[in-house]
Amino acid sequence: MNADFRQRLTEYLEAVLELPDADVTRLERLAGGTSRESWLVELKKPDGTAQTWVLRRDLATTYADRALYRDQEFRVIRAAASAGVQVPAPRFYCVEPCILDAPFLVMDYVSGSSIGREVLERADLVDARKGLPAQLGEQLARIHALDRAHADLAALPVPRATFSPAQEALAEMRAAILRLGVHNPTLEFGLRWLEKRMPACPVPVVLHGDFRLGNFIISPRGLEGIIDWEFAHVGDPAEDLACISLRHWRYHRGDQSFAGMSASAETFYRAYEVAGGWPVNRAAVAFWSVWGNLRWAILCLAQSRRHLSGHDRSVELASLGRQSAEFQLEMLRLIAEQGVNDDV
Amino acid sequence: MYDRPTLEELLAAVHFYVQERVQPAVAGDARLAEETRITGEAIALVLRQLRAGVEPLRAEWQRLDYVLGRSVPFPADPNDAEDGLRERERKLCEWINAGLYDLPARRAALFEHLMLNVRAQLEIANPSFLEELAQEDQNRPL
């Protein structure tokens, strides 16, 4: 399959680059990704120069209604790049499934690690880690300042008319539970608790949608790029601000509540506000933290259904169904912290 | 009667094979290594659930008696327990959505029930996650 993949990719690149005799000298599957595969592609041109790219290809089925198509994601990355957000430069995209069996996009390879545990543990990244809260705060402010009217961003999902971002987000979770056909009282309780505490959001903004460790490329020099824009949408800035602190992406450093790092979230919030971000609404961040865990609890169940349906057979996907309980427990713990009955 | 190994013993042997034989052999392939690690964990989960038997289901059933406010005998045939639990959980979901647990005392009782249920699930699915949380709560400054 690999040889065929290489052949078809070479033909595609020759065509889009208008270069006969381009030579794919390296093609390696990169670790990570349950809904997408990433490949490292090294291309040697006839003039002897080489270029290294990352190709991201959809797997057979993708859950999440909200997930963007490859061309939409490509445009979001392009808009982010032109607004000075640190992203790997996007190169091409292809929505034609017959080229490589699924839509894909190609961007520049950026050296560094995006693997969460490595980012938190590698000794050579100690200085990079110190700078991250401020760098990430500043980057997020730039993302939230993107112009929604920009042509590249016009197709982003937005809350339906008359719905606030919180209403929209809860309606999507309710629909996802219905689609799965599960009757899980913990999820129902979480939804109901959230429905009574929806924060107002006067100005919905462009969100990354999955702003957390795992989606940041870090080198000893610091942040090199923000990746994985498939969940970008228009919503409450507090959703992104909450995402980075969700327990799962602290990688077993649960007591370090800002992304498993020793810094406090306040450093990150300050950098965000100083760089022109919206005033941080702590109560809204608390709401979106509960929502974030609810969302992942549901996503885990949905991922296991991909295996169970027979479309994407994988022990990893199957196992995620039982991991849902971790997010459910964290959701309940956060609700307890805020008060099960705080409204009475 | 089946000859030994028992189901549990046989599965433990498979677990040993995956962890001790396959895992080192796939160390050079990050993707395979990760999938093998997950496979080992999945087998460990099945072993825990086999060993726990019907007791966690019975405990959940009794908690549901309390939170639903009606006592129903636990199915004589444990094979029916899961179907029965599913039906009772569906009922509980309906009631939550109908607002039957919106009063503070009832909501607190429901919350307690959900907390115990999720923790019981994790005793099977990932006990080390519960240990991590316990450790963290212990170290938390008062």
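Residues numbered from 1 in each chain as written. Chains lettered and ligands numbered in written order. Predicted model: local features only at pLDDT ≥ 70, side-chain atom pairs only at ≥ 80, totals over all residues.

Bringing the overall build of chain A into the picture now. If you tally the helices and strands in chain A, you get 11 helices and nine strands. For 344 residues, the compact-globule estimate of 2.2 N^0.38 gives 20 Å, and the C-alpha radius of gyration of chain A, at 20 Å, lies within 12% of that figure. On the principal axes, the C-alpha backbone points of chain A span a range of 70 × 45 × 40 Å. Taking all contacts inside chain A whose residues are at least 6 apart in sequence as the whole, residues at least 24 apart take part in 69%. (Helix = DSSP H or I, 4+ residues; strand = E, 2+ residues; numbered from the N terminus. Rg over C-alpha atoms; globule rule 2.2 N^0.38 Å. Contact = placed C-beta atoms within 7 Å.)

Let's shift gears to the overall build of chain B. On a plain count of helices and strands, chain B comes out with six helices and zero strands. For chain B, the α and β elements follow one another from N to C terminus as α-α-α-α-α-α. Its C-alpha atoms give chain B a radius of gyration of 20 Å, more than 25% over the compact-globule value 14 Å for 142 residues. By the burial criterion, 15% of the 142 residues in chain B qualify as buried. (Buried ≥ 20, exposed ≤ 12 C-beta atoms within 10 Å, placed from the backbone.)

Now for the pairing of strand β2 (residues 36–44) of chain A. All names here are of chain A. In this sheet, β2 lies alongside strand β1 (residues 23–30) in antiparallel orientation, the contact comprising seven bridges. The partner of R26 across the bridge, within β2, is E42. A loop of five residues connects β2 with strand β3 (residues 50–58), the two strands running antiparallel in sequence, and G48 in this loop sits at a positive phi of about 95°. (Pairing = 2+ DSSP bridges.)

Residues and elements named next belong to chain A. Domain assignment breaks chain A into domain 1 (2–108) and domain 2 (116–338). Using C-alpha coordinates to define each centre, domain 1 is positioned 25 Å away from domain 2. At the junction of the two partners, domain 1 supplies 23 residues and domain 2 supplies 29 residues. For the side of domain 1 that touches domain 2, the residue count by class is 13 nonpolar, five polar and five charged. (Domains from an automatic or database assignment. Nonpolar A, V, L, I, M, F, W, Y, C, P; charged D, E, K, R; others polar.)

Now for the interface of chain A and chain B. Buried accessible area, meaning the area lost when the parts come together, often serves as the stated size of an interface. Every contact between the two is made by 24 residues of chain A and, on the other side, 34 residues of chain B. Going through the elements one at a time, α7 (185–195) and α11 (315–338) of chain A are the ones with two or more residues in the side of chain A that touches chain B. At 10 residues, α11 of chain A tops the list of elements feeding residues into the side of chain A that touches chain B. Split by residue class, the side of chain A that touches chain B holds nine nonpolar, eight polar and seven charged.

A few words now on the environment of Q328 of chain A. Residues and elements named next belong to chain A. Secondary-structure assignment places Q328 in helix α11. For Q328, a count of 28 C-beta atoms within 10 Å corresponds to the buried category. Counting along the chain gives 33 residues from Q328 to R295, while the straight-line C-alpha distance between them is 9.5 Å.

Once that is clear, we can look at the packing of α11 of chain A against helix α2 (residues 30–52) of chain B. Packing of α11 of chain A against α2 of chain B leaves a shortest axis separation of 9 Å and a crossing angle of 45°. In terms of axis orientation, α11 of chain A runs oblique to α2 of chain B. As for the relative orientation of α11 of chain A and α2 of chain B, their crossing is left-handed in sense. Counting all contacts with α11 of chain A, which are made through V315, E316, S319 and R322 of chain A, the residues of α2 of chain B involved are E35, I38, T39, E41, A42 and L45 of chain B. Within the contact of α11 of chain A with α2 of chain B, the residues separate by chemical class into four nonpolar, two polar and four charged. (Axes fitted to C-alpha atoms, helices over the stretch in contact; angles between N-to-C directions. Parallel < 35°, antiparallel > 145°, perpendicular 65-115°, else oblique. Left-handed = near helix turned anticlockwise from the far one by under 90°.)

Right, let's talk about the domain arrangement of chain B for a bit. Residues and elements named next belong to chain B. One can read the domain layout of chain B as domain 1 (7–52) and domain 2 (55–139). Summarising the inter-unit geometry, the C-alpha centres of domain 1 and domain 2 are found 29 Å apart. On the domain 2 side, the residues contacting the four residues of domain 1 number four residues. The residue inventory of the side of domain 1 that touches domain 2, partitioned by class, reads two nonpolar, one polar and one charged.

A few words now on the sheet that holds β2 of chain A. What links the strands of a sheet is backbone hydrogen bonding, and the strands pair in either a parallel or an antiparallel sense. All names here are of chain A. Taking strand neighbours across the sheet as the criterion, the five strands line up as β1-β2-β3-β5-β4 in an open arrangement whose pairing is antiparallel. The open sheet has two edge strands with one neighbour each: β1 and β4 (90–94). Sheet twist, expressed as the mean angle between neighbouring strand axes with direction ignored, is 20°.

What follows concerns helix α5 (residues 126–144) of chain A. Residues and elements named next belong to chain A. Taking 1.5 Å of rise per residue, 19 residues should cover 27 Å, and α5 covers 28 Å from first to last C-alpha, within 8% of that figure. Within α5, the axis deviates most sharply at L132, by approximately 45°, and proline P133 lies no more than four positions further along. Three or more residues of α5 are buried, namely A128, L132, P133, L136, G137, E138, Q139, L140, I143 and H144. (Expected span 1.5 Å × (residues − 1). Bend = angle between axes of the 7 residues up to and from the residue.)

Once that is clear, we can look at the nonpolar core. Residue and element names in this part refer to chain A. In this structure, V76, A80, V290, L294, A297, I298 and M331 are the most contacted members of the largest nonpolar core, which totals 105 residues. For this core, the element with the highest residue contribution is helix α10 (residues 282–308), accounting for 13 residues. Sequence-distant contacts of V76, defined by excluding residues within four places in its chain, comprise L68, D152, L153, L156, W229 and A232. (Core = buried A, V, L, I, M, F, W, Y, C linked by C-beta atoms within 7 Å.)

Here the bond from R4 of chain B into P5 of chain B is cis, since omega is 10°, no more than 30 degrees from zero. Among the structural elements, P5 of chain B can be located in the segment before α1 (7–25). In this structure, D101 of chain A takes a positive phi of about 75° despite not being glycine. With respect to the helices, strands and loops of the structure, D101 of chain A is situated in the loop between α3 (97–100) and β5 (104–108). Residue D101 of chain A is classed as partly exposed on the basis of its C-beta count, with 15 C-beta atoms lying within 10 Å. Here T162 of chain A, not a glycine, exhibits a phi torsion of approximately 75°, which is positive. Residue placement: T162 of chain A occurs in the loop between α5 and α6 (165–180).

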